[in-house]
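# Architecture and fold: a report
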Amino acid sequence: MTASRVLVLNSGSSSVKYQLLDMADRSRLAVGLVERIGEETSRLAHEPLATGGGKREQLGPIADHEAALKAVAAELAADGLGLDSPELAAVGHRVVHGGTRFTAPTVIDDEVLAEIRSLVPLAPLHNPANVTGIEVARALRPDVPQVAVFDTAFHATMPDHVAQYAIDAEVAERWSVRRYGFHGTSHAYVSRATARLLGKEPQEVNVIVLHLGNGASASAVRGGVCVETSMGLTPLEGLVMGTRSGDLDPAVIFHLARVGGMSVDEIDSLLNKKSGLLGMCGDNDMREVLRRAGEGDEAARRAFATYVHRLKKYIGAYTAVLGRVDAVVFTAGVGENAAPVREAAVAGLEGLGLALDPRANAERSGEPRLISPAGARVAVAVVPTDEELEIAAQTYELVTG
Ligand code: ADP
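Residues numbered from 1 in each chain as written. Predicted model: local features only at pLDDT ≥ 70, side-chain atom pairs only at ≥ 80, totals over all residues. Heavy atoms only, no water.

Take the pattern of salt bridges next. Evaluated as defined, the whole model comprises 21 salt bridges. Where aspartate 151 meets arginine 94, a salt bridge forms, and the shortest distance between an N and an O atom there is 2.7 Å. With aspartate 151 in the loop between β8 (146-150) and α4 (160-163) and arginine 94 in strand β6 (residues 88-95), this residue pair connects regions lying 57 residues apart in the sequence. What makes aspartate 151 buried here is its relative accessible area of 2%. Glutamate 115 is the salt-bridge partner of arginine 101, the closest N and O atoms lying 2.7 Å from each other. Taken together, the residues span a long stretch of sequence, with arginine 101 in the loop between β6 and β7 (106-107) and glutamate 115 in helix α2 (residues 110-118) at a distance of 14 residues. (Salt bridge = Lys/Arg side-chain N within 4 Å of Asp/Glu carboxyl O. Helix = DSSP H or I, 4+ residues; strand = E, 2+ residues; numbered from the N terminus. Buried < 20%, exposed > 50% of the residue type's maximum accessible area, 1.4 Å probe, protein only.)

What surrounds the ligand is the set Gly213, Asn214, Gly215, Asp285, Met286, Arg287, Ala332, Gly333, Val334, Asn337 and Ala338. Interatomic distance of 3.5 Å between a side-chain N/O atom of arginine 287 and a nitrogen atom of the ligand. Considered on its own, the ligand offers 580 Å² of accessible surface; in the complex 70% of this is hidden by protein. Taken together, the elements giving at least two residues each to the shell around the ligand come down to α10 (286-294) and α12 (332-337). Of the residues contributing to the shell around the ligand, the split by class is four nonpolar, five polar and two charged. (Near = heavy atom within 4 Å. Polar contact = N/O pair within 3.5 Å; in protein donor to acceptor, adjacent residues only side chain to side chain. Areas by Shrake-Rupley, 256 points an atom, 1.4 Å probe, with all protein chains shown as cover. Nonpolar A, V, L, I, M, F, W, Y, C, P; charged D, E, K, R; others polar.)

On to the environment of serine 263. In this structure, serine 263 sits in the loop between α7 (251-258) and α8 (264-273). Using a relative accessible area of 33% as the deciding quantity, one classes serine 263 as partly exposed.

On to the UniProt feature "active site" (unreviewed entry) in the chain, then. According to UniProt, the positions carrying the feature "active site" (unreviewed entry) are Asp151. The residues contacting aspartate 151, other than those within four sequence positions of it, are Arg94, Val95, Val96, Gly181, Phe182, His183, Gly184 and Thr185. Only 3.2 Å separates the side chain of aspartate 151 from the backbone nitrogen of histidine 183, close enough to count as a polar contact. (UniProt positions renumbered as here; feature names shortened; annotations may be inferred. Contact = heavy atoms within 4.5 Å.)

This part takes up a nonpolar patch on the surface. On the surface, Ile167, Val171 and Trp175 cluster together into a nonpolar patch covering about 300 Å² of accessible area. Here tryptophan 175 lies in the loop between α5 (169-174) and α6 (184-197). (Patch = residues over 30% accessible without salt bridge, like charges linked within 9 Å, V, L, I, M, F, W, Y side chains within 5 Å.)

Glancing now at the side chain of histidine 46. Positionally, histidine 46 belongs in strand β4 (residues 43-47). Overall, the relative accessible area of 1% leaves histidine 46 in the buried class. Of note is the side chain of histidine 46, whose polar atom sits 2.6 Å from the side chain of tyrosine 18. At 2.7 Å, the side chain of histidine 46 and the side chain of aspartate 79 are in polar contact. If near-sequence neighbours (up to four positions away) are discounted, histidine 46 is found in contact with Tyr18, Ala30, Val31, Gly32, Gly54, Lys55, Arg56, Glu75, Leu76 and Asp79.

What follows is the structure, encoded as structure tokens:
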């Protein structure tokens, strides 16, 4: 019997999300989350789907990522899914920034780990936690291949003229300043799933993917290949997000520093953590924004309008980039669930061949589905993303292929 289990780890600064999958049938054996690592009130939520045992919760301090992963291993062992099992084929790690060095999933050795570490200056909020996750998992099962799957990789095919910022070329080169793009695993998975929904091969279709979660990004995918995406050097550029501003005049930063007397760190925190929907109206959760807007709250209505206006601009821009669009697809928390966002983003775009079937748009479902009227020139779709399955699939393919 060949080993077919893959553990997927998504390590954040104070959390670890994990899934254990069996790639023989792509089923999920267990899923869970450790959050508030390093605090007194850490929480481990574990669900062993394979045994149908129901959710379990552990509260109390978990000191660091090593303790977190050991606690996860103990939970899995209690379900007969221990990480010491010979059935474990590999561990797949989500790594946020791969720079220009990593454009495909990569088996991790000491050299690769050192290179991921060297990319920390480009992703100071994310790569350090990813590195820690890799170190801990390697120590736990040194004999099992560890694979890094990069958020930036799918966007590596962007042409140079799209990736470059219009700044001094030497400065850009020296400091690795260019557009990298993020959420690549999701854009890859969803663009392919959309082709399938249309009954086509990925090579045959041009797709605009709108990944609207807490973070949000758009991509233009031509024949399965990413040619443009909205996030740049960091995940700050592009769409309006839960707490990030997205696009803004860079001179806003100089103005806040010179006139507002703010430090670089204060402005960084303002734009990444206190802007977007949260900054504009005080709520970063689209459900709250919609509820308040429905009650006539002016700040919430304007935040919604700004969010949707930005989306529309990107749909228009990426229609121009692609020349011909076969589908516009919504995914992630907001994209999959917020019918009013989809309705408002597409409203008035009949000239681009876009329209919605209001009944299909209002329907709730966890399945990939079309929400445009039959015979529409451009299909509009909702396709649930599954980054963990995609990471597991890429990991498994690399170690068995
Ligand atoms: P993350 O970027 O953290 O992976 P998700 O893709 O899970 O996030 O998206 C989370 C966001 O999705 C929430 O902040 C919330 O705004 C939004 N969301 C979830 N469910 C709904 C819903 N029913 N209606 C509107 N927005 C929703």
